[in-house]
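Report on the structure
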Amino acid sequence: MDLKFNNSRKYISISVSSKAQTMSPHIKSIDDIVVLGINLSKFNKATQFFICVTGVFVFYLIYGYLQELIFSVEGFKPFGWYLTLVQFGFYSIFGLIELQLIQDKRRRIPGKTYMIIAFLTVGTMGLSNTSLGYLNYPTQVIFKCCKLIPVMLGGVFIQGKRYNIADVSAAVCMSLGLIWFTLADSTVAPNFNLTGVVLISLALCADAVIGNVQEKAMKMHNASNSEMVLYSYSIGFVYILLGLTCTTGLSPAVAFCSKHPVQTYGYAFLFSLTGYFGISFVLALIKIFGALLAVTVTTGRKAMTIVLSFIFFAKPFTFQYVWSGLVVVLGIFLNVYSKNMDKIKLPSLHSLLNRKLEDGKTRTLAQTV
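Just so it is clear, the model here is predicted, and its values are computed rather than measured. (Residues numbered from 1 in each chain as written. Predicted model: local features only at pLDDT ≥ 70, side-chain atom pairs only at ≥ 80, totals over all residues. Heavy atoms only, no water.)

Each helix and strand in the protein was counted, giving 13 helices and four strands. When burial is assessed residue by residue, the protein has 43% of its 369 residues classed as buried. Excluding contacts between residues fewer than 6 apart, the proportion of contacts in the protein whose partners are at least 24 apart in sequence is 80%. About 20400 Å² of surface is accessible on the protein, with carbon and sulfur atoms providing 66% of the total. (Helix = DSSP H or I, 4+ residues; strand = E, 2+ residues; numbered from the N terminus. Buried < 20%, exposed > 50% of the residue type's maximum accessible area, 1.4 Å probe, protein only. Contact = heavy atoms within 4.5 Å. Areas by Shrake-Rupley, 256 points an atom, 1.4 Å probe, with all protein chains shown as cover.)

Written out as C-alpha cells, the structure reads:
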C-alpha cells in the first residue's frame with residue numbers, strides 16, 4: 001500500500017495493490033486461487049472443476065475411511081473424545097503453520113466469540129466421533145446429510161421464520177429417510193444403540209448453530225480461515241483436555257493408544273491432515289463455482305463414502321439402506337432447489353399440460369395433412 005501526500009491540496013492518496021496478501025493461503029486473492037500450492041487460476045473452468053472435485057473426493061474419502069478404520073481397532077470405541085482431542089491438536093498445529101504464511105497475524109475476532117465457537121465445535125466433532133462407538137458409519141453419514149432439520153426447527157421456534165413448500169418437503173423427506181434408515185440399522189446391526197442416535201442428533205444441532213456463528217463472526221471482523229481454525233480448535237483442545245481430566249477419561253485412553261501408536265496416533269494424523277486439505281478444496285469449489293455445485297459434489301462424496309464403507313468394512317446390508325438413502329437425497333435436492341429457485345427452472349404442472357396439449361394438436365394436424 002502506497003501513501004502519497006500533497007501539501008497544496010491537503011489530501012492523502014492511498015493506493016492498494018490488486019493482489020491481496022493478507023488472505024488465507026487456501027485462497028490467496030480474488031484473481032489467484034491457490035490450493036495446496038496449485039494455482040487454479042492458470043487453468044480453464046473444466047480443469048479447475050476436475051481438480052477441485054478430485055481433491056474433495058480423494059481427501060474426504062480417505063478421511064472417512066481412516067475415521068472408520070480407527071474405530072474398527074478392537075477396544076477403541078470408548079475413546080471417541082480422546083480422538084477428538086488429538087484431532088483438535090493437529091488442527092491447531094495446521095492452523096498455526098498456515099497463519100505464519102500470511103502477513104497479517106493479528107487476531108480479529110474477540111476472545112469471547114471464539115470461546116462460544118470452540119464450545120460448539122467441540123460439541124459437533126466430539127459427539128460425532130463418539131457416536132461411532134454406537135452406530136454404523138453409514139448411519140452416521142446419513143444423519144450428517146440432514147443438517148437442514150435442526151436448522152429449520154431452530155428458525156421456527158427461535159426466530160419465528162416461515163418456510164416455503166420446498167423446504168418443508170425437504171425436511172419431511174429427510175426425516176422419513178432418517179427414520180427408515182435408522183429402523184433398518186436397528187434391525188440388521190448387532191451393535192445398534194439408541195445412544196448413538198442421540199449423540200449424532202446433538203452433534204447436528206451444534207453444527208447447525210456453529211455455521212451461522214462462524215459466518216457472522218468472519219464477515220463482521222474480516223477474519224481469515226487460518227485464524228478461525230487456530231483459535232477455535234486450540235480453545236476447544238483445552239475444553240476437551242479439561243473435560244477428560246475431570247472425568248478420569250484421559251489416562252485409560254492414553255494407556256490404550258500407547259499400546260497401539262500406529263493404529264491410533266498414526267491414523268489420527270492422516271485423518272486430521274486429509275480433513276484439513278479437503279476443506280481447502282471445498283472452499284475453492286465454492287469460490288469458483290458457487291455453493292450450489294459445491295453442495296452437489298459434497299453430497300455425491302458422502303454417497304460414495306457410504307458405498308465404500310460397505311465394501312471395505314464387513315457389516316450387515318439390507319436394501320432398506322438404499323431406498324431410505326434415496327429419500328434423503330431427494331430431500332437434499334429439494335433443499336438445494338429451494339435456495340436456488342432463480343437458477344434452477346423446473347417446469348410447472350401447468351406448462352407440462354400445455355406442452356402435452358400442443359403436442360397432441362401437432363400430432364392431429366400431421367395426421368390430417
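Counting across every chain of the model gives one cavity of 30 Å³ or more. The calculated volume of the largest cavity comes to roughly 30 Å³. Phe76, Tyr82, Leu83, Val86, Cys257, Thr264, Tyr265 and Ala268 together form the lining of the largest cavity. Taken together, the elements giving at least two residues each to the lining of the largest cavity come down to α2 (80–99) and α10 (261–289). Residues belonging to the lining of the largest cavity are distributed by class as follows: seven nonpolar, one polar and no charged. (1 Å grid on protein atoms, 1.4 Å probe; cavity = no way out; pocket = protein on both sides within 12 Å on 5 of 7 lines; lining within 4 Å. Points joined across faces, edges and corners; volume = space filled by probe spheres on them. Nonpolar A, V, L, I, M, F, W, Y, C, P; charged D, E, K, R; others polar.)

Moving on, we get to unusual backbone geometry. Glycine aside, negative phi is the norm for most residues, and most peptide bonds take the trans geometry. Phi is positive for Thr248, close to 55°, though the residue is something other than glycine. You can see Thr248 is positioned in the loop between α8 (225–246) and α9 (250–259).

Attention now moves to α2. The first and last C-alpha atoms of α2 sit 28 Å apart over 20 residues, in line with the 28 Å expected at 1.5 Å per residue. In terms of burial, α2 is a largely internal element, 16 of the 20 residues being buried. (Expected span 1.5 Å × (residues − 1).)

This paragraph deals with the side chain of Ser131. Note that Ser131 resides in helix α3 (residues 111–131). When residues no more than four places from it in sequence are discounted, the contact partners of Ser131 are Gln140, Gly196, Leu199 and Ile200.

Glancing now at the layout of surface pockets. Of the volumes computed, that of the second largest pocket is approximately 320 Å³. Contributing to the lining of the second largest pocket are 17 residues, with Ala303, Ile306, Tyr321, Val322 and Gly325 lying nearest its centre. Classifying every residue of the lining of the second largest pocket by side-chain character gives 14 nonpolar, two polar and one charged.

Further remarks concern the packing of aromatic side chains. Scanning the entire structure with this criterion turns up 17 aromatic pairs. An angle of 70° between the planes, with centres 6.2 Å apart, marks the rings of Phe76 and Phe79 as edge-to-face. Given the relative accessible area of 2%, Phe76 is considered buried. Overall, the relative accessible area of 14% leaves Phe79 in the buried class. (Phe/Tyr/Trp six-rings, centres within 6.5 Å; stacked < 30°, edge-to-face > 60°.)

Looking now at the nonpolar core. Counting residues in hydrophobic clusters, the biggest one holds 66 residues, and the most contacted among them are Leu40, Phe76, Tyr82, Leu83, Tyr91 and Cys146. Leaving out residues up to four positions away in the same chain, Tyr91 has contacts with Tyr63, Met125, Val229, Tyr233, Ser272, Gly275 and Tyr276. In terms of nonpolar packing, the next biggest core, distinct from the first, is built from eight residues, Ile109, Tyr114, Ile117 and Ala217 among them. (Core = buried A, V, L, I, M, F, W, Y, C linked by side-chain atoms within 4.5 Å.)

This next bit is on a nonpolar patch on the surface. Residues Ile165, Val168, Val172, Leu176, Ile179 and Leu183 make up a contiguous nonpolar surface patch of about 560 Å² in total accessible area. Its place among the elements puts Leu183 in helix α6 (residues 165–188). (Patch = residues over 30% accessible without salt bridge, like charges linked within 9 Å, V, L, I, M, F, W, Y side chains within 5 Å. Salt bridge = Lys/Arg side-chain N within 4 Å of Asp/Glu carboxyl O.)

It is worth spelling out helix α4 (residues 137–144) at this point. Counting buried residues in α4 gives seven out of eight residues, a clear majority hidden from the surface. Those residues of α4 that fall on the buried side of the exposure criterion are Tyr137, Pro138, Thr139, Gln140, Val141, Ile142 and Phe143.

Bringing the packing of α2 against α3 into the picture now. At a minimum axis separation of 8 Å, α2 and α3 run at an interaxial angle of 130°. The orientation of α2 with respect to α3, classified from their angle, is oblique. Of the two possible hands of crossing, α2 and α3 adopt the one that is right-handed. Here α2 contributes Gly80, Trp81, Leu83, Thr84, Gln87, Phe88 and Tyr91 to the contact with α3, which in turn contributes Thr121, Val122, Met125, Gly126, Leu127, Asn129 and Thr130. Here the residues of the contact of α2 with α3 sort into seven nonpolar, seven polar and no charged. (Axes fitted to C-alpha atoms, helices over the stretch in contact; angles between N-to-C directions. Parallel < 35°, antiparallel > 145°, perpendicular 65-115°, else oblique. Left-handed = near helix turned anticlockwise from the far one by under 90°.)

All quantities given are derived from atomic positions and should not be read as evidence of function.
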